[in-house]
There are 4 protein chains.
Amino acid sequence: MSPRNVERDLLQREKRINHILDSALETIAVRGIGSVSINDIAAAAGMSIGSMYHYFKSKNEIISEILRRGQTDYGKHVTGLSVQQGSAQDKLFQLCESWLALDNSWAYTILIHTARLSDASSEEIRRAVTERFTNNLCPVASVMEQGQRDGHIVNGDPLELAYYFVSLIQGLTLQRMPGAEVPIQARASSIVSLFAAKPQL
Amino acid sequence: MSPRNVERDLLQREKRINHILDSALETIAVRGIGSVSINDIAAAAGMSIGSMYHYFKSKNEIISEILRRGQTDYGKHVTGLSVQQGSAQDKLFQLCESWLALDNSWAYTILIHTARLSDASSEEIRRAVTERFTNNLCPVASVMEQGQRDGHIVNGDPLELAYYFVSLIQGLTLQRMPGAEVPIQARASSIVSLFAAKPQL
Amino acid sequence: MSPRNVERDLLQREKRINHILDSALETIAVRGIGSVSINDIAAAAGMSIGSMYHYFKSKNEIISEILRRGQTDYGKHVTGLSVQQGSAQDKLFQLCESWLALDNSWAYTILIHTARLSDASSEEIRRAVTERFTNNLCPVASVMEQGQRDGHIVNGDPLELAYYFVSLIQGLTLQRMPGAEVPIQARASSIVSLFAAKPQL
Amino acid sequence: MSPRNVERDLLQREKRINHILDSALETIAVRGIGSVSINDIAAAAGMSIGSMYHYFKSKNEIISEILRRGQTDYGKHVTGLSVQQGSAQDKLFQLCESWLALDNSWAYTILIHTARLSDASSEEIRRAVTERFTNNLCPVASVMEQGQRDGHIVNGDPLELAYYFVSLIQGLTLQRMPGAEVPIQARASSIVSLFAAKPQL
DNA sequence: CATGAATGAGGGTTCATTCAT
DNA sequence: GATGAATGAACCCTCATTCAT
């Protein structure tokens, strides 16, 4: 009736959506994306199947939204990092560490890769994921640039270096799938040092 | 007793098996591993569903065999490379190039990652894939070692360096999924140079 | 060419048929009729699937033949028993004992019941089995009659008594399915005594 | 929260479950347990295949439930009979009559036997059926005991006598499979008289 | 809005039977 | 005769989605 009710309803809706997405991500992280059904997500969110379809058009949209949220959050995070005080190496080191930690971000990375690899996800999802991935390279590239200006980072196109850096990290993340871990330790300092400037004799 | 040419039958069987595996790989490469059904594979191979089960115990076994074949072949390839004449840098360069080329090996890499990521593949498959992956790191590590002896490759545990090198390449491969390609060029020479020795001043 | 070869061929064929039937019965006895495939029978007989269809028109015919053989053999056995020397009670006792023993005859009984119960067996099989079953009651009925003449067996239509006797035994056999045995001991002497004459006061 | 009438839903669910079980039993009675598919049961119940799996976890569970219901109902029936007024012979007579009538109980008996014989039913089902069968012997045994106290029933372990009595009835039931009936009339009075006391001279 | 029963296409798998060799 | 590869219909079961309540 009153505008306040409408507003409150919208807030309520937003909260529900976030709750569903959180529950879904949690479930997917534990059980894998392929074997998670709408039923499972609904159960995890403590809601009915029907409600899922009030908030999302399809299962695909849920996955899509999880990815969008995750990548957007990561984008903010890495952008924040890039404009911080500190050396480029420190920033790359932090990025490495936070990625190699097997926390939430890890589940996101796996999910992102799965989404891009899987034909279960639509062409549209795959394109959007890739686009955001590419955009998220920019802050890393600017860190590389900063490092080059300071003489700490190897020469070359900063975006290309960022591309290698992120691909390396993501490649490593893949090797750490629970239940199929490669028994080799990855160390952030070693990784960063690969990108260190090579002084000319 | 047996009026059939047993030897020829065995050859025929082997040929059929290879044909199925090839068809399956091709189909998976195009359509993705998750949504490829036995039906699809049978159609691609030009055979009936029932025939699939003459040659393989289950769909899982087909996937499993594709992976085994691919990883074994790659293992031979990289081992051969490691014992060749030539500088370590050349060898890494060749490895890069052959990987970044979007040929068959690319489809294998995707398949391997998907298999490791997907909960559709059984625990057993994931473990076997990871084990072979780890074993295949050894020849690369020996190339790293050779390079270090020659003063061309950066210091550090050779196996760890190999781990980074391969992860980097594989990470890049992921970014090149058809239909979702990151619009950045990866260049083998740049990648190899990350692993180049850093002369001390 | 020569008549002797034809004759020998026929003998060979008969031997093969018996071999198949024996192997099939053995397999069925162990694994149950429902889960035994032509493939299994062929393997047990050490022959090829194709050969099965040289000797039998269908799987149904194999089952059918096993039943026919088994019931015919049993018919001979019980007829022999009925014309032997000895008291009616002794004969019934022997019949009981041989039936309650968990030997080959037990597997036949189960098979017969399964065939009669199962819709997997055709109407035709079921009718044939029932007809042979009914015929095989006659020798038992004649034993009952003998017992009545001697004053040892209860009054009543001998065929009806035989029907009860055999049904009782068969009912008991069912209760002794391996893996689902009723934990009560059946004793031949008690069973026979149910059919003992009831002296009038 | 829930705009639906929860209580009515639960009632509806119960009704549906019973409807499915009834339809399934009917279908099985006509077509046999082995060749009844989920499809058949769904068709008989006028529902979709998917719905079956809303109400039951598996085909096995449907069979299991039919058996449980049937045996439990029978257990109540026979227990009620055993504590009624009347002579033991009357009670056995009634039991015989109700069993030999080719009504619903007949289908249950066949189903029970088939379940115990068939390897299609799981080990678990077979065990449960047998256990309930054994328990259901007790009321019959107590009738036997009553008869012995009154001097109307033959001597011997009451449970063993009950075992024979029930096995006899069940054996007879088997001989009356529609389409394969043994052409001999079974009469309740004759059967009961087999268990009558045998006066000592 | 909330609910969960209903749907049915599609998944992997089995197996009796046929037939070219 | 002997063989076993090939077939394809049928099995049980899953699950994204719809819709009456």
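Residues numbered from 1 in each chain as written. Chains lettered and ligands numbered in written order. Predicted model: local features only at pLDDT ≥ 70, side-chain atom pairs only at ≥ 80, totals over all residues. Heavy atoms only, no water.

(A) Main features of the UniProt feature "domain: HTH tetR-type" (unreviewed entry) in chain A. According to UniProt, the "domain: HTH tetR-type" (unreviewed entry) feature falls on residues 14–74 of chain A. As annotated, residues 14–74 of chain A comprises 80% helix and 0% strand, and the C-alpha atoms at either end are separated by 20 Å. (UniProt positions renumbered as here; feature names shortened; annotations may be inferred. Helix = DSSP H or I, 4+ residues; strand = E, 2+ residues; numbered from the N terminus.)

(B) A look at the domain arrangement of chain A. Residue and element names in this part refer to chain A. Looking at chain A, the domain boundaries give domain 1 (1–56) and domain 2 (59–201). Each of domain 1 and domain 2 has a C-alpha centre, and the two are 28 Å apart. Taken together, the contacts link 13 residues of domain 1 with eleven residues of domain 2. Summed over both partners, the interface of domain 1 with domain 2 comes to about 1200 Å²; 77% of that surface belongs to carbon and sulfur atoms. Among the residues domain 1 hides against domain 2, the three largest losses belong to Leu21, Leu25 and Ile33. Together they make up 45% of the total. (Domains from an automatic or database assignment. Contact = heavy atoms within 4.5 Å. Buried area = accessible area lost by both parts, 1.4 Å probe.)

(C) Quick look at the interface of chain C and chain D. Each partner contributes residues to the interface: chain C has 53 residues there, and chain D has 53 residues. Buried surface at the junction of chain C and chain D, both sides included, amounts to about 4200 Å², of which 64% is carbon and sulfur. When the buried area of chain C at its contact with chain D is split by residue, Leu117(C), Tyr163(C) and Tyr164(C) rank highest and sum to 17% of it. Taken together, the connections running from chain C to chain D amount to two salt bridges. Our enumeration of links across chain C and chain D arrives at eleven residue pairs in polar contact (both at pLDDT 80 or more). (Salt bridge = Lys/Arg side-chain N within 4 Å of Asp/Glu carboxyl O. Polar contact = N/O pair within 3.5 Å; in protein donor to acceptor, adjacent residues only side chain to side chain.)

(D) Fine view of the pattern of salt bridges. Applying the stated rule across the entire model yields 14 salt bridges over all chains. Notably, a salt bridge pairs Glu160(B) with Arg187(A), separated by 3.1 Å at the nearest N-O pair. Of this pair, Glu160(B) sits in helix α8 (residues 158–174) while Arg187(A) is found in the loop between α8 (158–174) and α9 (188–194), placing the two residues in two different chains. Glu65(C) is the salt-bridge partner of Arg68(C), the closest N and O atoms lying 2.9 Å from each other. Pair noted here: Arg68(C) and Glu65(C) are both in helix α4 (residues 59–83), with a separation of three residues, about one helical turn.

(E) Just the relation of the copies chain C and chain D, in detail. With an RMSD of 0.6 Å, the fit of chain C onto chain D corresponds to turning through 177 degrees and sliding 0.2 Å along the axis. When the rotation and shift are considered jointly, the pair of chain copies conforms to a two-fold rotation axis. Looking at the interface residues of chain C, 100% of them are also at the interface in chain D, so both copies use one shared face. (Least-squares fit on C-alpha atoms with pLDDT ≥ 70 in both.)

(F) Representation of the arrangement of the chains in the model. Over all C-alpha pairs, chain A and chain C never come within contact, reaching a minimum spacing of 31 Å. The two units chain B and chain C never meet; even their closest C-alpha atoms stay 10 Å apart.

(G) Spotlight on the interface of chain A and chain B. Each side of the interface is counted separately: chain A has 53 residues, and chain B has 53 residues. Counting across the chain A and chain B interface gives two salt bridges. Linking chain A with chain B are ten residue pairs in polar contact (both at pLDDT 80 or more), by the criterion used here. Mapped by element, the contributors of at least two residues to the side of chain A that touches chain B are α6 (104–117), α7 (123–149), α8 and α9 of chain A. The element contributing the most residues to the side of chain A that touches chain B is α8(A), with eleven residues. Across the side of chain A that touches chain B, the residue classes tally to 26 nonpolar, 16 polar and eleven charged. (Nonpolar A, V, L, I, M, F, W, Y, C, P; charged D, E, K, R; others polar.)

(H) Local environment of the packing of aromatic side chains. Counted according to the given criterion, the structure contains twelve aromatic pairs over all chains. Centre to centre, the rings of Tyr74(A) and Trp99(A) are 5.1 Å apart; their planes meet at 40 degrees, and the pair counts as tilted. Residue Tyr74(A) is found in helix α4 (residues 59–83), and its partner Trp99(A) is found in helix α5 (residues 88–100); the two are separated by 25 residues along the sequence. Taking the ring centre of Phe133(D) as reference, the NZ or CZ of Arg116(D) above it sits at 5.3 Å. (Phe/Tyr/Trp six-rings, centres within 6.5 Å; stacked < 30°, edge-to-face > 60°. Lys NZ or Arg CZ within 6 Å of the ring centre and 35° of its normal.)

(I) Representation of the packing of α4(A) against α7(A). Residue and element names in this part refer to chain A. Between α4 and α7, the shortest axis-to-axis distance is 10 Å and the interhelical angle comes to 5 degrees. By the criterion of interaxial angle, the relationship of α4 to α7 is roughly parallel. Counted together, Asn60, Ser64, Leu67, Arg68, Gln71, Thr72, Tyr74, Gly75, Val78, Thr79 and Ser82 of α4 and Ile125, Val129, Arg132, Phe133, Asn136, Pro139, Val140, Ser142, Val143 and Gln146 of α7 form the full contact between these two elements. A breakdown of the residues in the contact of α4 with α7 according to their chemical character gives nine nonpolar, ten polar and two charged. (Axes fitted to C-alpha atoms, helices over the stretch in contact; angles between N-to-C directions. Parallel < 35°, antiparallel > 145°, perpendicular 65-115°, else oblique.)

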